[in-house]
Amino acid sequence: MAIQKISESLYVGLCLKVGTPQQIAIRRDELDIVELLEAKAWRPGRSNFMLSGSTKEGFDFKGSDVDLMYWEDDKRVIWDITQYQCYNSHTVILSDSAESPPGYTLLWLPMRKASPRILRVCVCKQDVIYLSSTKFRDNMCGTQGFKTHGPCKSGRVGNKDYDHGHCLKSDFWPPIASSWISRCHAWPSPRVVDKIVRSGCHLVPIGHKYGNQVDNEWRISFSKAETQLVFHMNQTQLLAYSLLKLFLTELINKGLDDEEKLLCSYHIKTAVFWAIQQNTSFAWCPSNLLAGFWACFKVILKWVYEGFCPNFFIPENNMFLNKVFGHAQAILFARLWSLYEKGFAFLLQSPSVGHCITSVLCNPRISFCTDDHSFCLLYTSPSPRDLSTSRM
């Protein structure tokens, strides 16, 4: 019973910090309107853009950056030469992932023709014209004052941090991710799966650190699909995700330099996706928020122990491969295990949610309203002694 009350207290506290279902829906609608207006104002030669990351998901965390992805509408990536017939006036780029690690691919021009802008970022190897991811990133992502950060350029405008990423669009679902479709038995729903698959994916200009052609490889990005998955979480799942993000920032990575931070918010998001899909009989409701958080935490702990973090869409892609290994892996696991041994009590150390736990421990009779359709209020049930005192 105490765990359920603490869960409800955390639910209320996180709604006040992260947003109620209505507030999150309003934030998402506002950004949808911005994207819609931009699409209406589109003209030939102008890049399309898409918001992604925590801002697009509806979060409003302090210090959250704004992720923007840009792509030109007259260029399309295909996975099979037979898909070429779907395009007339586009520059068609063909994927070749035969020698690339899972989740990465080379891109080349089967018709050997493209605009001068694209040809400038190409390299010729064995009479095949490949698009160099490094050249593309350096030439296309030239935002003044921004620095290279992975496949993006990062910088600050006003009081906000921005990640600008120029990429390529594919209207088709990548064959290497076809197993994801058959794996979705209960979550997400068939309707959502169909919508995601029909939206295709993007390719961002960064190669695998241990790939054979790191300067020419591209990474398959499922940013749009991930946003759709977050949109189809219920409020408890969303708050478990936000609690893990706070856990990462305030406890796991606290006091660490950027080079020492082995876990990132993308690993957290991936763990939430896997936990939801693999626990289909679990009731994701306010009284089970802590149990849901714990299920996700155990997934992360297992991954760190094994040194293997499977991408949600391409499980063969180990996202720890070039980061979580050796001595650093052992230190991270020891850090996580020390928290695991404390149980839920380690959340008392969180500046954001610690008070939600102490409020229950100090007042066991406290009750909470967790109705998603009304504002989350909390009240204290008076004891008989309190009532007798009030009559005096």
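For the structure, check the block above.
Quick caveat: nothing in here was measured; it's all calculated off a predicted structure. (Residues numbered from 1 in each chain as written. Predicted model: local features only at pLDDT ≥ 70, side-chain atom pairs only at ≥ 80, totals over all residues. Heavy atoms only, no water.)

Draft legend 1. Examining empty space enclosed by the protein more closely. According to the stated counting rule, one finds two cavities of 30 Å³ or more in the structure shown. Each pocket or cavity is described by its volume, and for the largest cavity that value is around 90 Å³. Every residue along the wall of the largest cavity is listed here: S47, Y70, W71, E72, K75, R117, F136, M140, H166, C167, L168 and K169. Of all the secondary structure elements, the ones that give two or more residues to the lining of the largest cavity are β2 (66–72), α5 (133–140) and β11 (168–170). No other element matches the three residues that β2 contributes to the lining of the largest cavity. Partitioned by chemical class, the residues of the lining of the largest cavity number six nonpolar, two polar and four charged. If you add up the space inside the second largest cavity, you get close to 30 Å³. E99, S100, L106, N212, Q213 and E217 are the residues that line the second largest cavity. In the lining of the second largest cavity, the residues fall into one nonpolar, three polar and two charged. (1 Å grid on protein atoms, 1.4 Å probe; cavity = no way out; pocket = protein on both sides within 12 Å on 5 of 7 lines; lining within 4 Å. Points joined across faces, edges and corners; volume = space filled by probe spheres on them. Helix = DSSP H or I, 4+ residues; strand = E, 2+ residues; numbered from the N terminus. Nonpolar A, V, L, I, M, F, W, Y, C, P; charged D, E, K, R; others polar.)

Draft legend 2. Broad picture of the packing of aromatic side chains. Within the structure shown, the criterion is met by 29 aromatic pairs. An angle of 50 degrees between the planes, with centres 5.1 Å apart, marks the rings of W180 and F313 as tilted. Of this pair, W180 sits in helix α6 (residues 178–183) while F313 is found in the loop between α11 (289–306) and α12 (326–342), placing the two residues 133 residues apart along the sequence. Look at F312 and F313: their rings are 5.4 Å apart centre to centre, the planes differ by 80 degrees, and that puts the pair in the edge-to-face class. (Phe/Tyr/Trp six-rings, centres within 6.5 Å; stacked < 30°, edge-to-face > 60°.)

Draft legend 3. Quick look at the sheet that holds strand β10 (residues 160–166). Strand order in the open sheet formed by five strands is β1-β2-β10-β9-β8, with mixed pairing between adjacent strands. Among the strands making up the open sheet, the edge pair consists of β1 (47–52) and β8 (147–149). For this sheet, the mean inter-axis angle between neighbouring strands, taken without regard to orientation, is 35 degrees. Both β2 and β10 contribute to a ladder of five bridges, which runs parallel. The partner of D67 across the bridge, within β10, is D163. (Pairing = 2+ DSSP bridges. Axes fitted to C-alpha atoms, helices over the stretch in contact; angles between N-to-C directions.)

Draft legend 4. Here's a closer look at the pattern of salt bridges. Inspection of every chain in the model, using the stated rule, returns 14 salt bridges. The residue K56 makes a salt bridge to D32 at a minimum N-O spacing of 2.8 Å. You can see K56 sitting in helix α3 (residues 53–57) and its partner D32 sitting in helix α2 (residues 21–40), a full 24 residues away along the chain. Its relative accessible area of 32% is what places D32 among the partly exposed residues. A single salt-bridge network, built from bridges that share partners, covers E72, D74, K75 and R117. (Salt bridge = Lys/Arg side-chain N within 4 Å of Asp/Glu carboxyl O. Buried < 20%, exposed > 50% of the residue type's maximum accessible area, 1.4 Å probe, protein only.)

Function cannot be read off these values alone, since they describe shape.
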